[in-house]
Amino acid sequence: MPPPAERVPRRWLAAGRASRRLVLVVVFVALLLDNMLLTVVVPIVPTFLYTTEYEGANNSVATAQSEPAPSDLKAPPFSSMFSYFDNTTVTVSGSASAMELANETESSRLSQPPSSSPPATSDCPEGEEFLAKENVRVGLLFASKALIQLVVNPSVGFLTNRIGYHIPMFIGFIIMFVSTVMFAFSGTYTLLFIARALQGIGSSFSSVAGLGMLASVYTDDFERGNAMGVALGGLALGVLIGAPFGSVMYEFVGKSSPFLVLAFLALLDGALQLCILQPSKICPESTRGTPVFTLLRDPYILVAAGALCFSNMGVAMLEPTLPIWMMQTMCSPKWQLGMAFLPASISYLIGTNLFGILANKMGRWLCSLIGMAAVGISLLCVPLAKNIYGLIGPNGGLGFAIGMVDSSMMPIMGYLVDLRHTSVYGNVYAIADVAFCMGFAIGPSTGGAIVRAIGFPWLMVIIGVLNIAYAPLCWYLRNPPAKEEKIAILSQECPMQTKSYTTQKTLRDFPLTDDSDVEAENTE
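Within any chain, residue numbers begin from 1 and follow the written order of that chain's sequence. Local features are withheld for residues below a pLDDT of 70 in this predicted model, meaning they are given only at 70 or higher, and side-chain atom pairs are given and counted only at 80 or more; totals for whole chains, interfaces and linings count all residues. Neither water nor hydrogens contribute to the side-chain values; these are computed over all heavy atoms in the structure.

## Notes on the overall build of the chain
Worth spelling out the cut-off: Numbering of helices and strands runs from the N terminus, with a helix taken as a DSSP run of H or I at least four residues long and a strand as a DSSP run of E at least two residues long. Under the scheme applied here, a residue whose accessible area is under 20% of the maximum for its type counts as buried, over 50% as exposed, and between as partly exposed, the area being computed with a 1.4 Å probe on protein chains only. Any two residues whose heavy atoms approach within 4.5 Å at even a single point are treated as in contact. Where accessible areas are quoted, they stem from the Shrake-Rupley method and a 1.4 Å probe; at the residue level, only the protein chains shown are allowed to cover.
Within the chain, the regular secondary structure consists of 19 helices and two strands. When each of the 524 residues of the chain is scored for burial, the buried share is 51%. Sequence separation of at least 24 residues holds for 84% of the intrachain contacts in the chain that already meet a minimum separation of 6. Just so you have it, the chain exposes about 23900 Å², and 65% of that area is on carbon and sulfur atoms.

Here it is in structure tokens:
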């Protein structure tokens, strides 16, 4: 029998494994690290590639041109000569005449600027053509993570239905750690591209398994909405501190430093997962989940997924293009390139936590509709900024609006599965993550090409108008009908019940249609 001192940690672990709050902490930390790594590269990659490729190439050319020819290295005979112009003695070659020396001395003095007024230097980077091409390359680098995640997500959703959420969650941690270390020591575009793609695989495992795990332990719709708001707060906090943290560390410490800090935090998250989640334990779902293709044929799930995609596509287009636009038009230093995203991150953190609760009261469909319209208006205002202070308002509004959409749509996805399909959540959150990734894949990859073709302001106009035009579709989520076989289950288990089954509460976020209520009463 183990001594009492050994029983205390075991009891703590047993209580932790049964605690829903600790599961929420694990998912919060996983999303935090994933999104810190997602955004920490935003201010680093454009300036790093510019420094290593453009300036490095120009410096090597300048060095080669400044090297003297071999014939110039032969020393001719020298003689000294006194100059009455400035009372100094100078050494001249034997072949030079006094007149030539006087002319050279006078011309050299005239060509030198006064010491009191040094030549003015501009902070704006040179190489307009290189920066235009870099828009496309940086966009593809950022999009590689989402493209890989897009491909892997359906497989992860299927895997979670077979073996549970614990093992995929731990696999995601391992891959994320490798990707972070690779970012720290990559010095070329190719290695950075591979590290970003690896991050996409790890992010797919972490996000799908994490959100599915939350939906499975928080079965009450109101509690699930609050839990999703807290988990998305981890995502928001990662976005919040990622870009400013990366820009400041890169400017004052070095490129590898922010990634090494993230690698250390990832190790702590792995230790937490080992203690709480038991990643060696296989826990398949007791019931067979609805196939992905069946869920994709549900128009209500498609509307919700589209809202996630287009709202996040705006900030995805900003990530590769805004720093380069600031370098060209505002001559911004390195630290400002990350700080420009700070208002969006702070407001996103506020929005996800605030509307995780409020959206349930005002109607998640209405919250999403207003959020998408606000996303479009904020994007239209971004090109009007003349300096970094002019970006505070548009970026702040953008982050707050995306927080409204995300905190509403994530619970809606779980609720739609409860209402219309089997209550197994791996596949539906794989679809939600696919929608999120499509925004971050299409946004950067096409944004760089559009900026090169028609300019940054027109890019903002296109994506802003697209969000405003999509917003009215959220109205269809106001009253989605339930499947007939789910009505009896919902009448007993769902905390938000319809008027035909209860007299205590007549309000719910997504009440059944009048037709479906009549059908349910006829079947009794």
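## Comments concerning the pattern of salt bridges
Side chains bearing opposite charge may pair, as long as their charged atoms lie close to each other. Applied cut-off: In what follows, salt bridge is the name for a side-chain nitrogen of Lys or Arg lying within 4 Å of a carboxyl oxygen of Asp or Glu.
Taken as a whole and judged by the stated rule, the model has one salt bridge. The partner of arginine 420 in a salt bridge is aspartate 298, and the shortest N-O contact between them spans 2.8 Å. Taken together, the positions of arginine 420 in helix 15 (residues 392-420) and aspartate 298 in the loop between helix 10 (292-296) and helix 11 (299-329) put the pair 122 residues apart, joining distant regions of the chain. One exposure class covers both arginine 420 and aspartate 298, and it is buried.

## Looking at the packing of helix 13 (residues 342-362) against helix 15
The packing of two helices is summarised by the inter-axis angle and the distance between the axes. Put simply, the rule reads: Every axis in this analysis is a line fitted to C-alpha atoms, fitted for helices over the stretch in contact. Angles between the N-to-C directions lie between 0 and 180 degrees. Helix crossings are classified by the rotation of the near helix relative to the far one: an anticlockwise turn of less than a right angle makes the crossing left-handed, while a clockwise turn makes it right-handed. Polarity classes work like this: nonpolar for Ala, Val, Leu, Ile, Met, Phe, Trp, Tyr, Cys and Pro, charged for Asp, Glu, Lys and Arg, and polar for all others, with Gly in that last group.
Interhelical geometry of helix 13 versus helix 15 gives an angle of 30° and a closest axis separation of 7 Å. Seen along the crossing, helix 13 lies across helix 15 with a hand that is right-handed. Note on element contacts: helix 15 touches helix 13 through Ile392, Asn395, Gly396, Gly399, Phe400, Ile402, Gly403, Met404, Asp406, Ser407 and Ser408, opposite Pro343, Ala344, Ser347, Tyr348, Ile350, Gly351, Thr352, Leu354, Phe355, Gly356 and Ala359. Looking at the contact of helix 13 with helix 15 residue by residue, the classes come out as eleven nonpolar, ten polar and one charged.

## Here's the deal with empty space enclosed by the protein
As a reminder, the rule being used: Points on a 1 Å grid, built from protein atoms alone, make a cavity when a 1.4 Å probe fits but cannot get out and make a pocket when they are open with protein on both sides within 12 Å along at least 5 of 7 lines; residues with an atom within 4 Å of a point are the lining residues. Grid points are joined across faces, edges and corners, and a volume is the space filled by probe spheres set on the points.
This structure, assessed with the given rule, holds five cavities of 30 Å³ or more. Each pocket or cavity is described by its volume, and for the largest cavity that value is around 220 Å³. Elements with a contribution of two residues or more to the lining of the largest cavity: helix 2 (20-40), helix 8 (221-252), helix 11, helix 13, helix 15 and helix 16 (426-454). Tallied by class, residues from the lining of the largest cavity come to twelve nonpolar, five polar and two charged.

## Focus: helix 2
Keep this limit in mind: What a helix is expected to span follows from its residue count: subtract one and scale by 1.5 Å.
Here helix 2 is 21 residues long and its end C-alpha atoms lie 30 Å apart, about the 30 Å a rise of 1.5 Å per residue gives. Most of helix 2 sits out of view: 15 of its 21 residues are buried.

## Side note on the packing of aromatic side chains
The test is simple: Between 30 and 60 degrees the pair is tilted, below 30 it is stacked and above 60 it is edge-to-face, where a pair is any two Phe, Tyr or Trp rings, Trp via its six-membered ring, whose centres lie within 6.5 Å.
Applying the stated rule across the entire model yields seven aromatic pairs. Arranged with centres 5.3 Å apart and planes meeting at 45°, the rings of phenylalanine 170 and phenylalanine 173 form a pair that is tilted. In this pair, phenylalanine 170 and phenylalanine 173 both sit in helix 6 (residues 166-185), three residues apart, roughly one turn of the helix. You'll find phenylalanine 170 and phenylalanine 173 in the same group, each marked buried.

## Remarks on the nonpolar core
The test is simple: In plain words, nonpolar cores are sets of buried Ala, Val, Leu, Ile, Met, Phe, Trp, Tyr and Cys residues tied together by side-chain atoms within 4.5 Å.
The biggest cluster of nonpolar side chains holds 110 residues, and the ones touching the most others in it are Leu318, Leu322, Met326, Met409, Met413, Tyr429 and Leu477. Of the residues forming this core, the biggest block, 17 residues, is contributed by helix 11. If we ignore the near neighbours within four places in the chain, the residues touching leucine 318 are Pro323, Phe341, Leu379, Val382, Asn395, Leu398, Phe456 and Met460. Grouped together as the second largest cluster of nonpolar side chains are six residues, Val156, Phe205, Val208 and Ala430 included.

## Details of the side chain of serine 206
Within the secondary structure, serine 206 sits in helix 7 (residues 189-217). Residue classification places serine 206 among the buried residues on the basis of a relative accessible area of 8%.

## Considering the side chain of histidine 421
Going by this rule: Polar contact is the term for a pair of N or O atoms within 3.5 Å; when the atoms are in protein, one must be able to donate a hydrogen and the other to accept it, and sequence-neighboring residues count only if both atoms are side-chain atoms.
On the secondary structure map, histidine 421 appears in the loop between helix 15 and helix 16. Using a relative accessible area of 10% as the deciding quantity, one classes histidine 421 as buried. Within polar-contact distance, the side chain of histidine 421 engages the side chain of aspartate 298 at 2.7 Å.

## What to know about the environment of methionine 36
The topology assignment puts methionine 36 in helix 2. Classification of methionine 36 as buried rests on a relative accessible area of 5%. Residues methionine 36 and leucine 235 lie 199 residues apart in sequence; the distance between their C-alpha atoms is 8.1 Å. Look past the residues within four positions of methionine 36 in its chain and what remains in contact with it is Gly238, Ile241, Gly242, Phe245 and Leu262.

## So, a nonpolar patch on the surface
What counts is decided by this rule: Like charges are joined within 9 Å and nonpolar side chains (Val, Leu, Ile, Met, Phe, Trp, Tyr) within 5 Å, but only among residues with over 30% relative accessible area and no salt bridge; these make up the patches.
Among the surface-exposed residues, Ile377, Leu380, Ile454, Trp458, Val461, Ile462, Val465 and Ile468 lie close enough to one another that they form a single nonpolar patch of about 690 Å² accessible area. When contributions to the nonpolar patch are tallied by element, the ones reaching two or more residues are helix 14 (364-381) and helix 17 (456-470). With respect to the element layout, isoleucine 454 can be found in helix 16.

## Brief notes about the packing of helix 11 against helix 15
Filter applied, for reference: For classification purposes, an angle smaller than 35 degrees is called roughly parallel, one larger than 145 roughly antiparallel, one from 65 to 115 roughly perpendicular, and anything else oblique.
Direction vectors running N to C along helix 11 and helix 15 enclose 150°, while the axes themselves pass 9 Å from each other. Between helix 11 and helix 15, the interaxial angle falls into the category roughly antiparallel. In this structure, helix 11 crosses over helix 15, and the sense of that crossing is left-handed. Each of Tyr300, Ile301, Ala304, Ala305, Ala307, Leu308, Ser311, Asn312, Val315, Leu318 and Leu322 in helix 11 lies in contact with helix 15, whose residues at this interface are Asn395, Leu398, Ile402, Val405, Asp406, Met409, Met410, Ile412, Met413, Leu416 and Arg420. When grouped by side-chain class, the residues that make up the contact of helix 11 with helix 15 number 17 nonpolar, three polar and two charged.

## Describing the state of the cysteines
Counted only if it meets this: Note on terminology: disulfide denotes any pair of cysteine sulfur atoms within 2.5 Å.
Within the structure shown, the criterion is met by zero disulfides. With no disulfide partner, cysteine 367 has as its closest neighbouring cysteine sulfur the one in cysteine 474, 9.7 Å distant. A relative accessible area of 0% places cysteine 367 in the buried class.

## Looking at the confidence of the model for the chain
Put simply, the rule reads: The predictor attaches a confidence to each residue, called pLDDT, with possible values from 0 through 100.
Residue-level pLDDT values for the chain average 75, and 70% of them are 70 or greater. Note that residues 69-87 has pLDDT below 50 and, in this model, 27 contacts with residues that lie over four places away or in other chains. Confidence over residues 92-122 falls short of pLDDT 50; this stretch has 16 contacts with residues more than four positions distant or in other chains.

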